[in-house]
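# Results of the structural survey
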Number of protein chains: 2
Amino acid sequence: MEVYAANLIGGQWTLAICCYLINGKLRFGELKKKLPNITERMLTLQLRKLEENKLVKRTVYAEVPPRVEYELTESGQRLKPILGMLEKWGKEHQLLMATD
Amino acid sequence: MEVYAANLIGGQWTLAICCYLINGKLRFGELKKKLPNITERMLTLQLRKLEENKLVKRTVYAEVPPRVEYELTESGQRLKPILGMLEKWGKEHQLLMATD
DNA sequence: CGTCATACTTACATTTTTGTTGGTACCAAA
DNA sequence: TTTGGTACCAACAAAAATGTAAGTATGACG
């Protein structure tokens, strides 16, 4: 059943991160700015997990100060339509919740 | 962003439960059998949350011993195509992970 | 009267997740 | 030499999620 996928995308920040990466690469610090409530530690952990799960690719540049870029893998990109549908569903559902 | 939807379906058992309910109503005990690793307590909590979020409707019959049936709401049903896509994506991704 | 079945609930313990704080490495520029 | 910027890591603390074990209510049935 969908449990496998659910485990991959179920983390609290996973979908949010993927969402921002859909539009292209982002550096660690850029992601941090986009996710104002996340702590550095959490962002690191989440990105590591995404990398392990091959949803995100991490590229380290040998510069000082360091530069690290994150981008979706091909598999991650394939989530795009699903994210789109989820967003649409979420908006509709949110309305339904609001109108009791 | 999709965070709203993610919070609704992100629970460890949420999608699994919805998945089983797609094929129709199920009693508490039936769900328990389908989810062998869930504890009664967890199943209760998850169903309560799903009910709160209006993904699942709970019907109690005034019988003894008690009978309680769970079914997807209309909003829950609308998740169906998304679950389908997620499952497909999950399978492909699982292959990719297996072949390193 | 005692037993059974179902769908819970409650108290407590354990595990997992997340937050907090402080520190590191590196080189460039002042 | 000191400061600054980036992307972390590690130790500890707090909070949240989950597990465990026991108990509850009800009426039917024997």
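These notes cover the structure that comes with them. Computed from a predicted structure; not experimentally measured.

Thresholds, definitions, all that
- Residues numbered from 1 in each chain as written.
- Chains lettered and ligands numbered in written order.
- Predicted model: local features only at pLDDT ≥ 70, side-chain atom pairs only at ≥ 80, totals over all residues.
- Heavy atoms only, no water.
- Pairing = 2+ DSSP bridges.
- Helix = DSSP H or I, 4+ residues; strand = E, 2+ residues; numbered from the N terminus.
- Core = buried A, V, L, I, M, F, W, Y, C linked by side-chain atoms within 4.5 Å.
- Buried < 20%, exposed > 50% of the residue type's maximum accessible area, 1.4 Å probe, protein only.
- Contact = heavy atoms within 4.5 Å.
- Near = heavy atom within 4 Å.
- Polar contact = N/O pair within 3.5 Å; in protein donor to acceptor, adjacent residues only side chain to side chain.
- Expected span 1.5 Å × (residues − 1).
- Arc of directions from axis to C-beta.

Residue and element names in this part refer to chain A. Direction of pairing for strand E2 (residues 56–61) relative to strand E3 (residues 67–72): antiparallel, over a ladder of six bridges. Note on E3: the bridge partner recorded for arginine 58 is tyrosine 70. Between E2 and E3, which pair antiparallel one after the other, the connecting turn spans five residues.

Moving on, we come to the nonpolar core. Core analysis: the largest hydrophobic core is formed by 56 residues, its most contacted members being Ile17 of chain A together with Ile17 of chain B. The contacts of isoleucine 17 of chain B, once residues within four sequence positions are left out, are Leu31, Leu35, Leu43, Gln46, Leu47 and Leu50 of chain B.

Take unusual backbone geometry next. Residue and element names in this part refer to chain A. Between valine 64 and proline 65 the backbone carries a cis peptide bond, its omega angle lying at -5 degrees. One non-glycine residue, lysine 54, adopts positive backbone phi at about 60 degrees. By relative accessible area, lysine 54 is classed as partly exposed at 25%.

Of all eight residues in helix H2 (residues 14–21) of chain B, seven are buried, a share of seventy percent or more. Listing the buried residues of H2 of chain B in full gives Thr14, Leu15, Ala16, Ile17, Cys18, Cys19 and Leu21 of chain B.

Around DNA strand C, a shell composed of 18 residues is seen, among which Arg41 of chain A together with Glu40, Arg58, Pro66 and Tyr70 of chain B lie nearest. Taking all atoms of DNA strand C within 4 Å of the protein, the share assigned to sugar and phosphate is 60%. The separation between a phosphate oxygen of DNA strand C and a polar side-chain atom of arginine 58 of chain B is 2.5 Å. Tyrosine 70 of chain B has a polar side-chain atom sitting 2.6 Å from a phosphate oxygen of DNA strand C.

This brings us to helix H4 (residues 40–52) of chain B. Residues and elements named next belong to chain B. Counted at 1.5 Å a residue, the expected span for H4 with its 13 residues is 18 Å, and the 18 Å between its end C-alpha atoms agrees. Every buried residue of H4 is listed here: Leu43, Gln46, Leu47 and Leu50. For H4, the angular spread of buried residues about the axis comes to 100 degrees, placing them on one side. Counted as exposed and oriented over 90 degrees from the buried face of H4: Arg41 and Glu52. The inward-facing, buried residues of H4 contact H2, helix H3 (28–34), strand E2 (56–61) and strand E3 (67–72).

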